[in-house]
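One-letter residues, chain by chain:
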Amino acid sequence: MNYEKLMEKAIEASKNSYSPYSKFAVGACVLMDDGSVYTGCNFENSSFGMTICAERNAIGSAIADGKIKIKAVAIYSPNQQKCFPCGACRQVIHEFCENDSDVDIILKNGENIEIYTLAQLLPESFSL
Ligand code: THU
């Protein structure tokens, strides 16, 4: 699936965001190495710390379906241009890739998409 289409799916997913506390909707679509895609949105809780980010929601669905190698992640928020993944999500994406340089993070900037690698966003990443 091309990255424009991946972003469209992230935009669609953001519409299901449950974010009554922050009012900051996020959608994500993860592309796995076999070409399969999974979407997720953020969902919050009145106990704030239980919030799940859109990226980790999408990745959780992929894991549940037996897919563990990420190729790309598209992230979208109607509230912010270029909604970068938070630090926790960067680390979770790192867990499910072989090489940070081979994973593309796709963001929306106006009418355009911009592509970063995970290596750019998470230099000197931690692994056990
Ligand atoms: N959020 C995400 O879904 N992904 C990120 O990478 C950054 C933050 C969500 C969490 C929370 O529901 C809202 O955005 C505001 O922090």
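If you're wondering where the values come from, they're calculated on a predicted model, not measured in any experiment.

Before going further, it helps to examine the overall build of the protein chain. Secondary structure assignment for the protein chain yields four helices and five strands. In the protein chain, the succession of helices and strands from N to C terminus is α-β-β-α-β-α-β-β-α. Relative to the globule expectation of 14 Å for 128 residues, the C-alpha radius of gyration of the protein chain, 13 Å, shows essentially globular dimensions. By its C-alpha atoms, the protein chain is 35 × 35 × 30 Å across when sized along the principal axes. With 128 residues in all, the protein chain has 42% of them scored as buried. Across the protein chain, contacts joining residues at least 24 apart in sequence account for 61% of those joining residues at least 6 apart.

Taken together, the residues surrounding the ligand are Ser 22, Phe 24, Val 26, Asn 42, Glu 44, Thr 51, Cys 53, Ala 54, Glu 55, Phe 84, Pro 85 and Cys 86. Asn 42 has a polar side-chain atom sitting 2.9 Å from an oxygen atom of the ligand. Within the backbone of Cys 86, one N or O atom sits 2.8 Å away from an oxygen atom of the ligand.

This part is about unusual backbone geometry. Where the residue is not glycine, phi is negative for most of them; where a peptide bond is considered, it is trans in most cases. Although it is not a glycine, Lys 82 sits at a positive phi angle of roughly 45 degrees. Position of Lys 82 among the secondary structure elements: in the loop between strand 3 (70-76) and helix 3 (87-95). Positive phi is not limited to glycine here, since Glu 124 has a value of about 55 degrees. Here Glu 124 lies in the segment after helix 4 (118-121).

Analysis parameters
Residues numbered from 1 in each chain as written. Predicted model: local features only at pLDDT ≥ 70, side-chain atom pairs only at ≥ 80, totals over all residues. Heavy atoms only, no water. Helix = DSSP H or I, 4+ residues; strand = E, 2+ residues; numbered from the N terminus. Rg over C-alpha atoms; globule rule 2.2 N^0.38 Å. Buried < 20%, exposed > 50% of the residue type's maximum accessible area, 1.4 Å probe, protein only. Contact = heavy atoms within 4.5 Å. Near = heavy atom within 4 Å. Polar contact = N/O pair within 3.5 Å; in protein donor to acceptor, adjacent residues only side chain to side chain.

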